[in-house]
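Chain by chain, the residues run as shown.
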Amino acid sequence: VLLNFLDKIKALQKNPANVRNLCILAHVDHGEKDYLINLIDSPGHVDFSSEVSTAVRLCDGAIVIVDAVEGVCPQTQAVLRQAWLENIRPVLVINKIDRLIMELKLTSQEAYTHLQKILEQVNAVTGSLFTSKVLEDRAVKEERAEEDKEEGDIKPAECPGSEQVYDWSAGLEDSDDSQLYFSPDQGNVVFASAIDGWGFSIQQFAQIHSQRMGIRAEVLLKTLWGDFYLNAKAKKIMKGAHAKGKKPLFVQLVLDNIWSLYDAVVTRRDKEKIEKMMMSLGVKVMTRDSRHSDPKVLLSAICSQWLPVSQAVLFMVCDKLPSPLDMTSERIERLMSVGARRFHSLPLQTQELKTAFMQCSSDDTAPVIVFVSKMFMVDAKALPQNKQSEGVSGQMQGLPLKAKPEEEEEKETFVAFARVYSGVVRRGQKVFVMGPKYDPAQGLRMVRIVSACLPPVPHLACCTMDSLYLLMGRELEELEEVPSGNVLGIGGLEECVLKSATLSTSPALPPFIPLNFEATPIVRVAIEPKHPSEMPKLVRGMRLLNQADPCAEVLIQETGEHVLVTAGEVHLQRCLDDLRERFAKIEISASKPIIPFRETVIRPPKVDMVNEDLGKQQKVAVIHQVKESDTLHLDPSGLVTLTTPNRQATVGVRAIPLPEEVTLLLEGSADLIRTLEQAGQAQREGRTLDMSTWTLDALMVLKSRLEVLLQGRKWRNAVDRIWAFGPRRYGPNILLNSVEGYQRPSVWHCLEREKGEKEGGAKAEASAIRDFDNSVVSGFQLATLSGPMCEEPLMGVCFSVERWDMNFPTQRTHLDSVTEKDSNSLDASVSESPGEAVGQQGASGKAGGAGETPSQAEGAMAGASHGRLVDCYGPFSGQLIAAVKEACRHAFQAKPQRLMAAMYTCEIMATAEVLGRVYGVLGKREGRVLQEEMKEGTEMFIIKAVLPVAESFGFADEIRKRTSGLASPQLVFSHWEVISSDPSWVPTTEEEYLHFGEKADSANQALKYMNGVRRRKGLYVEEKIVEHGEKQRTLSKNK
């Protein structure tokens, strides 16, 4: 029987029109056609939304399940957003309707109103996603239209799909949203109670009642859901049930029947009425079920025959969800537009692959295109090739078996979870593995066919698909080939694929865009084995976990600690259990969660801790934190001037807090800034980095938004003077060039290529960069990577370099073996000609202050004249890096410092009687309530709050214990927030002494966090072992 079943599935796989990728396989007979449905289940908890992302990429449609009582939760919105981003079509199942009858005790009329509101909520989420997309597309089209008008030559025939590109009249009113929303009359909604085994769509009841009432099924289909009622006298369906106080058709013909069944079977247990109902429904129940003491057993037996939920859902899937042949061109272009490159900027051979996607062809000539969304681990014994047939195992039962080593017995292997988009995949076939940074243009120049000996193409590898598997739930069945449009498992890729990958026989295929993860990995723990001798097993186990979990990250810190980064507390516990039981199989000990913080500066506060006006007290108190020395000088305005140990360079730096909007913009534009930095680096090295028009437009928008946000006298021309971003050259901190007379090129210089400044202009710009310019940037990167408070990264800080003097001695007694050839090669990096240097150094000298003597200025000029012999990578470079780093740290400390905490948004559903306890738990954990509203039609309250990640551990358990399980929170990482209290605060004014006491006993939350991080990192913590010991304690008298 199993062999016949597998043969039928293999036959169905060859017809992609009857395949539905929604990895449990279900073979469904639907009318005259047979369908093959790939159902991929994914967990509902917000911590595991990465599993939803991996499933969604392989699917053409999605079944979104919503609780009939709770309605739209944060995770429902996240799932709908993920489906929308992947351009797949969703259908809706409203489950647990039995709770409306048994728990909430709603009437059928009230339940109908409640279900309408849930549908409105789901459609509101979908509508907001649709609106944002339409407006975004319209803005892009208008920008392109303006560019074409400026160029004066619109050539629509040159690019495919150009009629869409230049259709700038498209707007919300013109967009077709008829198939967008969920509506029962469209057949994309099923009402169900899975626990009782029933579910139905409107079509089923339309068919049932059309025969009984003599009304056409098409009419009933349009009127069963909506404001329609049945006029018994006229025997007509009329509109206006709500206005006339009549029962809607859906209540009268559908819900009333279900409510009366529950009333007879569960509530009253009326045997006579049950018998009549079963007769009218044509249902036969086993005697065992009818006599069972639990009425729910009888109810399930009746409902599973009358309205089987499986039939309703699977028929909806077959009718409403698309097949692989119906993949939209928009989704294909999005999948292939990786990074900053748009589809129309890809090579012509790459664009031609779009046809292979659309045709979903299984011909031998079609290119093989496969996407691996995740790797999952399988016991080697479960693989089909390792299973012994029953006959052989029966014959060998009496033979003694040789004992296998323990490691060999427990061996596990990875299987890739993938989908074929084009061509036929065969066992033993060789394919290319495209890395995330692979460039098809470069690959096409160097590679033509798949072979074992590839030329060294960056980010391209070759591998063999050793085995192909049909995924039958927990079982695997081996296949020889898999045609296009199907989901499959691939063995033998563990050495080539880490988490996800794009596979193809054509080097023209670009890698697919990365998976979109809703949950951000934020929770870190350090892991070590209980027995140090088992460290190799832990390292191997963490490597396997990193490969198997799409969201988990494994790091080795500078201290040598092995750190695991997860999405939340539940995800962390799951990963630790997997490490102990599956991957490492050893006893491990995990540290307390490592909470990330950020350091920042703020504008000097105007009031103290008791809201009294400060005046100038705070400024004086803060400035005295920086200890001056002969090489370090602090200006009363906050400018820190620091000289290198060899006295050859002086740097003046000031720290300025960035506006919050700018910080958020920089944090959200990290990928764009990284691309900008790569373009700048390529230009400095004499290379060219091709960027699409879309990327250049996005960078121009980023620049213009920064110009709008950075307004005021102190930010004049600041955007054009940006020297670098940091840390790691793309972080939310800025290095600003305020050195008088130093006109170095801006970070935006790559955008000026569009204005006609080609190679000559680029060379002129490159010649304006001074020696050791990169050393200043490196010092800034180091300073922003670890701040002075607790060595955490900085955020939202602008360091303005206002002075940079170079003072080389006239007679150079020592040079680091710079030959004449080397000096010629250094000409490209020389900052300026001697004449320009004199002017710049003179100007810098003026900016440096009155403390510089004429002899120092002469030395600076002489040093500039020897600029061609400067070794930019010698010992002096290191001194300058250290000086800039220390100057930035001291400038940071000269301003009011604050910690920034990672924050969760917390949504809690609770009943009225436990609201006080919920508020108590939130207040105890430094939470802040943002909104509280009552859910219409229920007794449930929805509380929206923010909670520090540092206080979130054990929060869900505590809130469930305190509320006896009546409240459950959903935590999602949201943003970074400044902790208002100063970690170094001590009472200074009379009012503060009166309010907080002489000892300031109240706990300083920011200081507690800061000391915790410093203690974990092994840094000095300023704390007293005995504090305020007023009473002497001796051995004789302990009182």
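Since we're looking at a predicted model, the values are computed, not measured.

### Concerning the overall build of the chain
Part 1 of the reasoning: Within the chain, the secondary structure is distributed over 35 helices and 34 strands.
Part 2 of the reasoning: Counting across all 1039 residues of the chain, residues that qualify as buried make up 48%.
Part 3 of the reasoning: When the accessible area of the chain is evaluated, it comes to approximately 52,600 Å², of which 51% is carbon and sulfur surface.

### A look at the side chain of Glu958
Part 1 of the reasoning: Take Glu958: it is sitting in helix α33 (residues 955-962).
Part 2 of the reasoning: At a separation of 2.9 Å, a polar atom in the side chain of Glu958 contacts the side chain of Lys924.
Part 3 of the reasoning: Beyond its immediate sequence surroundings of up to four residues, Glu958 is in contact with Val921, Lys924 and Arg925.

### Brief notes about the sheet that holds strand β22 (residues 562-566)
Part 1 of the reasoning: With respect to topology, four strands assemble into an open sheet ordered β21-β22-β20-β23, the strand pairing being antiparallel. Edge strands, defined here as strands with exactly one partner in the open sheet, are β21 (553-556) and β23 (588-590). Within the sheet, the average angular offset between the axes of one strand and its neighbour, ignoring direction, is 30°.
Part 2 of the reasoning: Relative to β23, strand β20 (residues 523-529) is paired through three bridges, and the arrangement is antiparallel. Opposite Pro529, over in β23, you have Ile588 as the bridge partner.
Part 3 of the reasoning: Contacts from helix α20 (residues 535-548) reach β20, β21, β22 and β23, with the element oriented near 25° to β22.
Part 4 of the reasoning: Along the sheet, helix α21 (residues 569-583) makes contact with β20, β22 and β23, crossing β22 at roughly 135°.

### Comments concerning the side chain of Asn123
Part 1 of the reasoning: Within the fold, Asn123 resides in helix α5 (residues 108-151).
Part 2 of the reasoning: The residues contacting Asn123, other than those within four sequence positions of it, are Tyr181 and Phe182.

### A closer look at the packing of aromatic side chains
Part 1 of the reasoning: Here the structure, examined in full by the defined rule, presents 22 aromatic pairs.
Part 2 of the reasoning: For the ring pair Trp198 and Phe200, a centre distance of 6.0 Å and an interplane angle of 10° mean the geometry is stacked.
Part 3 of the reasoning: You can call Trp198 buried: its relative accessible area is 1%.
Part 4 of the reasoning: Taken together through their ring pairs, the aromatic side chains of Tyr112, Phe191, Trp198, Phe200, Phe205, Trp225, Phe250 and Trp306 make up a single cluster.
Part 5 of the reasoning: Positioned over the ring face of Phe371 is Arg57, at 5.0 Å from the centre of the ring.

### Structural notes on the sheet that holds strand β28 (residues 722-726)
The strands making up a sheet are joined through hydrogen bonds of the backbone, oriented either antiparallel or parallel.
Part 1 of the reasoning: Taken together, the six strands give an open sheet; going across it, the order is β25-β26-β27-β30-β29-β28, and neighbouring strands pair in mixed fashion. With one partner strand each, in any of the chains shown, β25 (632-634) and β28 form the two edges of the open sheet. Across the sheet, the mean angle separating the axes of adjacent strands is 20° when strand polarity is ignored.
Part 2 of the reasoning: Where strand β26 (residues 640-643) lies against strand β27 (residues 649-657), four bridges are found, and the strand directions are antiparallel. Across the sheet, residue Leu642 finds its bridge partner in β27, namely Val651.
Part 3 of the reasoning: On top of the sheet, helix α31 (residues 875-893) reaches β25, β26, β27 and β30 (797-806); it is set at about 35° to β27, its chief contact.

### Points about the pattern of salt bridges
Side chains bearing opposite charge may pair, as long as their charged atoms lie close to each other.
Part 1 of the reasoning: Under the criterion given, the structure shown has 31 salt bridges.
Part 2 of the reasoning: Between Glu333 and Lys354 there is a salt bridge, with the nearest N and O atoms lying 2.7 Å from each other. Of this pair, Glu333 sits in helix α15 (residues 329-336) while Lys354 sits in helix α16 (residues 348-359), placing them 21 residues apart in sequence.
Part 3 of the reasoning: Residue classification places Lys354 among the buried positions, given a relative accessible area of 19%.

### Here we look at helix α13 (residues 295-306)
Part 1 of the reasoning: End to end, α13 covers 17 Å across twelve residues, agreeing with the expected 16 Å (1.5 Å per residue, within 8%).
Part 2 of the reasoning: Every buried residue of α13 is accounted for by Pro295, Leu298, Leu299, Ala301, Ile302, Cys303 and Trp306.
Part 3 of the reasoning: Against β7 (198-200), α7 (202-213), α10 (249-268), α11 (271-281) and α12 (287-290) lie the buried residues of α13.

### A closer look at the confidence of the model for the chain
Part 1 of the reasoning: Per-residue confidence for the chain averages 76 on the pLDDT scale, and 76% of its residues sit at or above 70.
Part 2 of the reasoning: Note on residues 23-27: pLDDT is under 50 here. Beyond four places in sequence and across chains, it has 26 contacts.
Part 3 of the reasoning: Residue range residues 389-409 is modelled with pLDDT below 50. Its contacts to residues more than four positions away, or to other chains, number four contacts.

### Notes on the nonpolar core
Part 1 of the reasoning: Within the largest apolar cluster, 116 residues are counted, with the highest numbers of intra-cluster contacts made by Ile490, Leu493, Leu564, Phe799 and Trp804.
Part 2 of the reasoning: Counting residues per element, this core draws most heavily on strand β31 (residues 897-911), which supplies nine residues.
Part 3 of the reasoning: Core analysis: the next-biggest nonpolar cluster, separate from the first, contains 57 residues, Leu119, Trp198, Val266 and Val283 among them.

### Let's talk about unusual backbone geometry
Trans is the prevailing form of peptide bonds, just as negative phi is the prevailing case for residues other than glycine.
Part 1 of the reasoning: With an omega of 0°, the peptide bond between Gly726 and Pro727 qualifies as cis.
Part 2 of the reasoning: Topologically, Pro727 is positioned in the loop between β28 and β29 (733-737).
Part 3 of the reasoning: With a phi close to 65°, Lys96 is a non-glycine residue in the positive phi region.
Part 4 of the reasoning: With respect to the helices and strands, Lys96 occurs in the loop between β5 (89-95) and α4 (98-102).
Part 5 of the reasoning: The phi dihedral of Cys360 is positive, around 50°, even though this residue is not glycine.
Part 6 of the reasoning: Here Cys360 lies in the loop between α16 and β10 (369-379).

How each quantity is defined
- Residues numbered from 1 in each chain as written.
- Predicted model: local features only at pLDDT ≥ 70, side-chain atom pairs only at ≥ 80, totals over all residues.
- Heavy atoms only, no water.
- Helix = DSSP H or I, 4+ residues; strand = E, 2+ residues; numbered from the N terminus.
- Buried < 20%, exposed > 50% of the residue type's maximum accessible area, 1.4 Å probe, protein only.
- Areas by Shrake-Rupley, 256 points an atom, 1.4 Å probe, with all protein chains shown as cover.
- Polar contact = N/O pair within 3.5 Å; in protein donor to acceptor, adjacent residues only side chain to side chain.
- Contact = heavy atoms within 4.5 Å.
- Pairing = 2+ DSSP bridges.
- Axes fitted to C-alpha atoms, helices over the stretch in contact; angles between N-to-C directions.
- Phe/Tyr/Trp six-rings, centres within 6.5 Å; stacked < 30°, edge-to-face > 60°.
- Lys NZ or Arg CZ within 6 Å of the ring centre and 35° of its normal.
- Salt bridge = Lys/Arg side-chain N within 4 Å of Asp/Glu carboxyl O.
- Expected span 1.5 Å × (residues − 1).
- pLDDT = per-residue confidence, 0-100.
- Core = buried A, V, L, I, M, F, W, Y, C linked by side-chain atoms within 4.5 Å.

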